[in-house]
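# Results of the structural survey
If you want the building blocks of each chain, they are given just below.
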Amino acid sequence: MMTAGRPVIFLLLNLLLLPMVWAQKANPIKTTIAKVKNGYTLMREGQPYFIKGAGGTNNMEQLKAYGGNSIRTWSPQNADEILNKAQQLGLTVTMGLDVKTERHGFDYNDPSAVAKQKEYIRTVILQHKDHPALLAWGIGNELNLHYSNPKVWDAVNDIAKMIHELDPNHLVTTMLAGVNQKEIDYIKTKCPALDLIAVQVYGGLAAVPQELKKVGWNKPYIVTEWGPTGHWEGLQTPWGASIEETSHEKAAVYKSRYEASIGQDKNCLGSYVFLWGQKQERTPTWYGLFTEAGEENEVVDVMEYLWSGKWPSNRAPRLDSLLLDNRQAKDFIRLESGKKYPIEVFVQDPDGDQLQTRWELLHESTDLKEGGDREERPKALSGYIKNNSDKEGSLTAPEKEGAYRLFVYTGDGNNNVATANIPFYVTNSTPTSQAASYQFSSVPNWSDEFNYTGLPDATKWSYDVGSLYDGWGNNELQYYSDASLSNAVVQNGALKIIAKKENKGDKSYTSARLVSKDKGDFTYGRFEARAKLPKGRGTWPAIWMLPTDWKYGDWPNSGEIDILEHVGYDQDVVHVSTHTKAYNHGINTQKTSTRKIPGVSDTFHKYRIDWTPTYIKGFVDDQEIFHFDNEHKSFKEWPFDQNFHWLINLAVGGNWGGKEGVDDTIFPVTFEIDYVRVYKLLK
């Protein structure tokens, strides 16, 4: 059943779609970019054309009916069919060209492979260049995601030059993951044949105009993917499950972020919302504006308003919250296997439609990919949920220990739906019984408040010096100084670790690493530091702990606890982790969690771990983001029954910190620590 107020439109559209074939003739519609006051305008057939588009080729009739005017593809697969249908509906197409990525194994050092790819693109251009629905060509998708070879940009420019020679009527761009200085610099120097750039951002959409100005791009651009807060950007559970926004929360951020950026930036020529359809990516509901059954969520209402200036006559239900065991997703819910727990959804319909709710239980997805690569949907589990009413029921926790996710879909009978889900973890024993019994002293039993001036307190801190073990085992680029005011100084109530661009010990940078070994060693307790992080690509600050006596052997056997890690190319994202022989980054099994905190380099934030005999928890600003339980198996899983000590350092480059290169214009950079404190575990 169609939404009230929309059936007449769909009837007219269906009449337009009577069987016909668009005979491609040499009648392309020319697109150009015009410089106007304070910005740029896209011109199509001599008239201004602002892109009100969506990614995907499904539901094109709805797109047109709701005020959209363009679609974007990721490849030329089924291009004839897509272009013909778009032309019938009065839509345009930005046609994706599936240029290969380094992360999928393509070698841009192989001239034969590069030439073969270019020849393939040539055949695509010649086949479709004169279609009147064509708007622009998009070279590749996120070619800058996890790449190292800058020759990819030479290939992009060669393809763009070829397209302009074959097709003088359409614009050429390439789709970039995020806004990054390195890629913008490459585009400006290596890709003059591009007419504009396309950026793809999620949680950071509102800041795109400012970010582009900051990296020196004052030319036209489009946004070819934008949507909800990305699964890598928001809150994660301690077991690594990303927490998804409800459909109502998504609707709010889609609207506010669009209005703050795309809707007002004069350099922006329009956008393609993601995704005008449905796909499995972390969950079946995260990015799609439609469900698998074709139902439309509240974001579709928002897009109709943004495109047409009008809200639909019948609105989607509004879901305010979903509770499991009277808790929300951000409470990091752990359940005991076999026990029954209440479930409840709070949802209302703005039109007073009668609502119907359906529940679904899935294993947490383990087929996790990057860059939108195809993922397998987990199979639904039956028999664990009982409905008591349309909004309440109960969930029996599965017998098998592990990660699960509860989904709710509430429909209004008019093809509109509200969605939400909660990740939870099932254990075979009561998960909080011992946790609740632990307490910590109210005053520190060891601390450094840094309320003095000069070198760090020598009774509490020593230094790791030099660049041992091939850059401290991580190919880091700095030389750590020994008690040097140039690299580690206490002043104005804070410890300042300073990384500089200067040569020492065959290294191009200097910095400092403080250690409390043999001056502050602890087994169990609450460990807390307040810090402000450096900013800039190539920095790698950390507050962490290592074993004092290496009871079970060298790393990773004896363990590591990372209270805070941050890499400068991934600004505002902080990490808490533990490493053991069974769980470490060398075999990609480390226990870790992340959180995005705006302004970590602008203000101080509090980072802490609570370490007990049965768990290690990690916190940022007193909010738990990490939880690792003692499995009571062997030291391979839990070596955390021995003395550990503090380490505080600012590294440069390295396997992780230097993954996106080092920006030498940022130095010197400073890592500031307001205090470090240890609170004793009370038995």
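Above this text is the structure in question.
Residues numbered from 1 in each chain as written. Predicted model: local features only at pLDDT ≥ 70, side-chain atom pairs only at ≥ 80, totals over all residues. Heavy atoms only, no water.

## Quick word on the overall build of the chain
Looking only at helices and strands, one finds ten helices and 40 strands in the chain. The C-alpha atoms of the chain give 28 Å as radius of gyration, which agrees with the globular expectation for 683 residues (26 Å, within 12%). Each principal axis of the C-alpha atoms in the chain carries an extent, and together these give about 80 × 65 × 45 Å. Here the chain holds 683 residues, and 57% of them are scored as buried. (Helix = DSSP H or I, 4+ residues; strand = E, 2+ residues; numbered from the N terminus. Rg over C-alpha atoms; globule rule 2.2 N^0.38 Å. Buried < 20%, exposed > 50% of the residue type's maximum accessible area, 1.4 Å probe, protein only.)

## Quick word on the nonpolar core
F424, W611, W646 and F671 are the most contacted members of the largest nonpolar core, which totals 83 residues. In this structure, Y66, A160, V199 and V215 belong to the second largest nonpolar core, which totals 71 residues. (Core = buried A, V, L, I, M, F, W, Y, C linked by side-chain atoms within 4.5 Å.)

## Comments concerning the sheet that holds strand β10 (residues 221-225)
The eight strands lie next to each other as β4-β5-β6-β7-β8-β9-β10-β11, forming a closed barrel whose pairing is parallel. Between one strand and the next, the sheet's axes are offset by a mean angle of 25°, whatever the strand orientation. Contacting β6 (92-97), β7 (134-141) and β8 (171-177), helix α5 (residues 151-166) crosses the sheet at an angle of about 155° to β8. (Pairing = 2+ DSSP bridges. Axes fitted to C-alpha atoms, helices over the stretch in contact; angles between N-to-C directions. Contact = heavy atoms within 4.5 Å.)

## Observations concerning the packing of α5 against helix α6 (residues 181-190)
Contact geometry for α5 and α6: axes closest at 10 Å, N-to-C directions at 45°. Judged by the angle between their axes, α5 and α6 are oblique. Regarding α5 and α6, the two cross each other, and that crossing is right-handed. Of the residues in α6, those touching α5 at W153, D154 and N157 are E183, Y186, I187 and K190. Split by residue class, the contact of α5 with α6 holds three nonpolar, one polar and three charged. (Parallel < 35°, antiparallel > 145°, perpendicular 65-115°, else oblique. Left-handed = near helix turned anticlockwise from the far one by under 90°. Nonpolar A, V, L, I, M, F, W, Y, C, P; charged D, E, K, R; others polar.)

## What to know about unusual backbone geometry
In this chain, F274 is followed by L275 through a cis amide linkage whose omega measures 5°. Topologically, L275 is positioned in the loop between β11 (268-273) and α9 (298-308). Positive phi values are uncommon outside glycine, yet Y469 reaches one of about 55°. Examined against the element boundaries, Y469 turns out to sit in helix α10 (residues 468-475). With a phi angle near 70°, D622 is a residue other than glycine that sits in the positive phi range. The residue D622 is located in the loop between β36 (615-620) and β37 (623-629) in this model.

## Quick word on the environment of L91
When you line up the elements, L91 lands in the loop between α3 (79-89) and β6. Among the residues examined, L91 registers a relative accessible area of 1% and is labelled buried. In the structure, L91 is positioned 566 residues away from G657 in sequence and 44 Å away in space, judged by C-alpha atoms. Residues in contact with L91, not counting those within four places in the same chain, are M60, L63, K64, G68, N69, S70, I71, A86 and A133.

## Some remarks on the sheet that holds strand β3 (residues 47-48)
As summarised here, the arrangement of the three strands in space is β1-β2-β3, forming an open sheet in which the pairing is antiparallel. Two strands lie at the open edges of the sheet, namely β1 (31-36) and β3, each paired on one side alone. By the bridge criterion, two bridges tie strand β2 (residues 39-44) to β3 in an arrangement that is antiparallel. For M43, the partnering residue across the bridge sits in β3 and is P48.

## With respect to the packing of aromatic side chains
Under the definition given, this model contains 35 aromatic pairs. On the basis of an interplanar angle of 85° and a centroid distance of 6.0 Å, the ring pair of Y583 and F628 is categorised as edge-to-face. With Y583 in the loop between β33 (573-579) and β34 (591-596) and F628 in strand β37, this residue pair connects regions lying 45 residues apart in the sequence. F628 sits in the buried class, given a relative accessible area of 4%. Connected via pairs of aromatic rings, a cluster forms that spans W446, W461, F522, Y524, F527, Y583, W611, F628, W638, F640, F644 and W646. The ring of Y425 is capped by R334, whose NZ or CZ atom sits 5.6 Å from the centre of that ring. (Phe/Tyr/Trp six-rings, centres within 6.5 Å; stacked < 30°, edge-to-face > 60°. Lys NZ or Arg CZ within 6 Å of the ring centre and 35° of its normal.)

## Considering the side chain of E560
Here E560 shows up in strand β32 (residues 560-565). Engagement of the side chain of E560 in a polar contact is seen with the side chain of W555, the distance being 2.8 Å. Setting aside residues no more than four positions away along its own chain, E560 makes contact with W544, M545, L546, W555, S577, T578, H579, F640 and F644. (Polar contact = N/O pair within 3.5 Å; in protein donor to acceptor, adjacent residues only side chain to side chain.)

## Observations regarding the pairing of strand β27 (residues 507-511)
Note that strand β24 (residues 478-480) and β27 share three bridges and pair parallel. Residue Q478 lies in a different strand from β27, and its bridge partner there is Y509. Pairing analysis gives three bridges linking strand β26 (residues 494-504) to β27, with the strands arranged antiparallel. What sits directly across from K504, in β27, is K507. Here β26 folds back onto β27, and the loop between the two strands holds two residues, one of which, G505, carries a positive phi near 55°.

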